[in-house]
Amino acid sequence: GDVLISSVASMLQANLRAGEHLFRIGGDEFAMLLPLDGSYAERRAQKFISAIETFRVGWNGYILSTTASIGLASLTPGRSEFAQALSQADAACFTAKELGGNRICFADQHTEVMLVHTEAMQWAVRIRNALGNGGFEIHCQEIRAFKSDSGMGREFEVLLRLRDPDSNRLLSPVLFMPAAERFDLGTRIDRHVIELLLGWMESHPAEAQSVASCSINLSADTMQDEGFADF
């Protein structure tokens, strides 16, 4: 899978024209920024569909191939928001997959299907913003034994919350972690939580000395991350 994704990405990159940009936004998901009008963008997207369909990669004696689904959304400078356009393109791509794949679907924010699938991308954008501007906060939930206290020190579980910049409410991970896992942001969040926790302990040495142990929830991707132990 890694070989196929990397090879397709290299092929797409080699076929970009001046002013076009390619970004990897998830496991097997890419975004392209094309400075084109609608009709020409469709023809350009169709060429990418055909190029991927005919592309072949050799691996361990096997020939690998795949197809792609593309969602198109327009982004007008000064009149469109980046997060909204990317969400619409993501929803259109999801719809193209549901229709059988190997095809192009145009974003239409007025259809029910599109509205359902724009939410994940919007959360991904909010998560990246929160990682960059301090929008995440850690809280702790104390762990106590049913029997008498051992006196060894405090034990607690570290919990993560996202501060909504508009309402100032604290949002639960139930709302944003599914999107984080889909767009490979789980490991970044886990490392961020550890940095926040250790930073808090360093700035509160007296409180840190009273801690016997703390538990941190980690994503499956983090458990498979070869560099996590060194981190």
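Note that residues are indexed from 1 along each chain, following the sequence as it is written. A pLDDT threshold of at least 70 governs which residues receive local features in this predicted model, and a stricter bar of 80 or more applies before side-chain atom pairs are shown or counted, although totals over entire chains, interfaces and linings include all residues. Computation of side-chain values: all heavy atoms of the structure, hydrogens and water removed.

Novice: Give me the lowdown on the overall build of the protein chain, citing residues and values where you can.
Specialist: Going along the chain from the N terminus, every DSSP run of H or I of four or more residues is numbered as a helix, and every run of E of two or more is numbered as a strand. From N to C terminus, the protein chain includes eight helices and ten strands. Our radius of gyration is a C-alpha quantity, and the globule rule it is checked against amounts to 2.2 Å times the number of residues to the power 0.38. For the protein chain, whose C-alpha radius of gyration is 22 Å, the value lies well above the compact-globule estimate of 17 Å for 231 residues. Its C-alpha atoms give the protein chain principal-axis dimensions of roughly 70 × 50 × 30 Å. With a 1.4 Å probe rolled over the protein chains alone, any residue whose accessible area is under 20% of its type maximum counts as buried; one over 50% counts as exposed, and the rest are partly exposed. Relative to its 231 residues, the protein chain shows a buried fraction of 33%. Accessible areas in this description were obtained via Shrake-Rupley with a 1.4 Å probe; residue shielding takes into account the shown protein chains only. Carbon and sulfur atoms make up 52% of the accessible area of the protein chain, which totals about 14500 Å². All tallies of charge rest on Lys and Arg as positive and Asp and Glu as negative; His and the ends of each chain are not included. The atom standing in for a charge is NZ when the residue is Lys, CZ when it is Arg, CG when it is Asp and CD when it is Glu. For the protein chain, the centre of its 20 positive side-chain charges and the centre of its 30 negative side-chain charges are spaced 5 Å apart.

Novice: Help me get a handle on the nonpolar core, residues and values and all.
Specialist: Grouping buried Ala, Val, Leu, Ile, Met, Phe, Trp, Tyr and Cys residues that are joined through side-chain atoms within 4.5 Å yields what is termed a nonpolar core. Ranked by internal contacts, the top residues of the largest apolar core, which has 26 residues, are Ile-127, Phe-136, Leu-162, Phe-176 and Ile-189. If you tally residues by element for this core, the top one is helix 4 (residues 112-133), at six residues. Contacts were defined at the residue level, with two residues in contact if any of their heavy atoms lie within 4.5 Å. Dropping the residues within four chain positions of it, Phe-176 is found in contact with Trp-123, Ile-127, Phe-136, Leu-160, Leu-162 and Leu-171. Counting residues in hydrophobic clusters, the runner-up holds 14 residues, among them Val-8, Met-11, Leu-16 and Ala-68.

Novice: Before we move on, can you summarise the layout of surface pockets with the specific residues and values?
Specialist: Approximately 1400 Å³ is the volume attributed to the largest pocket. Going through the elements one at a time, helix 1 (2-14), strand 2 (30-33), helix 2 (38-54), strand 5 (70-72) and helix 3 (82-98) are the ones with two or more residues in the lining of the largest pocket. In terms of residue count, the dominant contributor to the lining of the largest pocket is helix 3 (nine residues). Here the lining of the largest pocket is composed, by residue class, of 30 nonpolar, eleven polar and seven charged. Grid points spaced at 1 Å over the protein atoms alone were grouped into cavities, where a 1.4 Å probe fits but cannot get out, and pockets, open sets with protein on both sides within 12 Å along at least five of seven lines, with lining residues defined by an atom within 4 Å of a point. Grid points are joined across faces, edges and corners, and a volume is the space filled by probe spheres set on the points. Each residue gets one label: Ala, Val, Leu, Ile, Met, Phe, Trp, Tyr, Cys and Pro are nonpolar, Asp, Glu, Lys and Arg are charged, and the others, such as Gly, are polar.

Novice: Pulling in residues and values, what's your account of the pattern of salt bridges?
Specialist: Any two side chains of opposite charge can pair, on the condition that their charged atoms come close. Salt bridge, as used here: a side-chain nitrogen of Lys or Arg that lies within 4 Å of a carboxyl oxygen of Asp or Glu. Going through the model one piece at a time under the given rule, you end up with eight salt bridges. Arg-44 is the partner of Glu-20 in a salt bridge, and the nearest nitrogen-oxygen pair spans 2.9 Å. On the criterion of sequence distance, the pair formed by Glu-20 in the loop between helix 1 and strand 1 (21-24) and Arg-44 in helix 2 is long-range, its members being 24 residues apart. By relative accessible area, Glu-20 is classed as buried at 7%. Take Arg-44: its relative accessible area is 5%, and that puts it in the buried class. For Arg-182, the salt bridge goes to Asp-90, with nearest N and O atoms at 2.8 Å. Here Arg-182, found in helix 5 (residues 173-182), pairs with Asp-90, found in helix 3; they are 92 residues apart in sequence, far enough to count as distant. Exposure remark for Asp-90: the relative accessible area of 7% places this residue in the buried category. Bridged by salt links that share partners, the residues Glu-29, Asp-90, Lys-97 and Arg-182 form one connected network.

Novice: Describe unusual backbone geometry, listing the residues and the values that go with them.
Specialist: Even without being a glycine, Asn-168 presents a positive backbone phi close to 70°. If you trace the backbone, Asn-168 turns up in the loop between strand 8 (154-163) and strand 9 (170-171).

Novice: Lay out the packing of aromatic side chains in plain terms, naming residues and giving numbers.
Specialist: Two rings belonging to Phe, Tyr or Trp (six-membered ring only in the last case) form a pair when the distance between their centres is within 6.5 Å. Interplanar angles under 30 degrees mark stacking, angles over 60 mark edge-to-face geometry, and anything in between is tilted. Counted by the stated rule, this structure contains three aromatic pairs. Aromatic rings pair up to connect Trp-123, Phe-136 and Phe-176 into one cluster.

Novice: Tell me what's going on with the side chain of Ser-219, and back it up with residues and numbers.
Specialist: Among the secondary structure elements, Ser-219 is positioned in the loop between strand 10 (211-216) and helix 8 (220-223). The class of Ser-219 is buried, set by a relative accessible area of 8%. Any N or O atom pair separated by 3.5 Å or less is treated as a polar contact, with the protein-specific requirement of one donor-capable and one acceptor-capable atom, and with residues adjacent in sequence counted only for side-chain atom pairs. Looking at Ser-219, its side chain comes within polar contact range of the side chain of Thr-222, at 3.1 Å. In contact with Ser-219, not counting residues within four places along its chain, are Gly-186, Thr-187 and Asp-190.

Novice: How would you summarise a nonpolar patch on the surface if you had to cite specific residues and measurements?
Specialist: Residues Phe-23, Leu-33, Leu-75 and Phe-82 make up a contiguous nonpolar surface patch of roughly 390 Å² in combined accessible area. Examined against the element boundaries, Leu-33 turns out to sit in strand 2. Patches here are clusters of residues that have more than 30% relative accessible area and form no salt bridge, with a 9 Å joining cutoff for like charges and a 5 Å cutoff for nonpolar side chains (Val, Leu, Ile, Met, Phe, Trp, Tyr).

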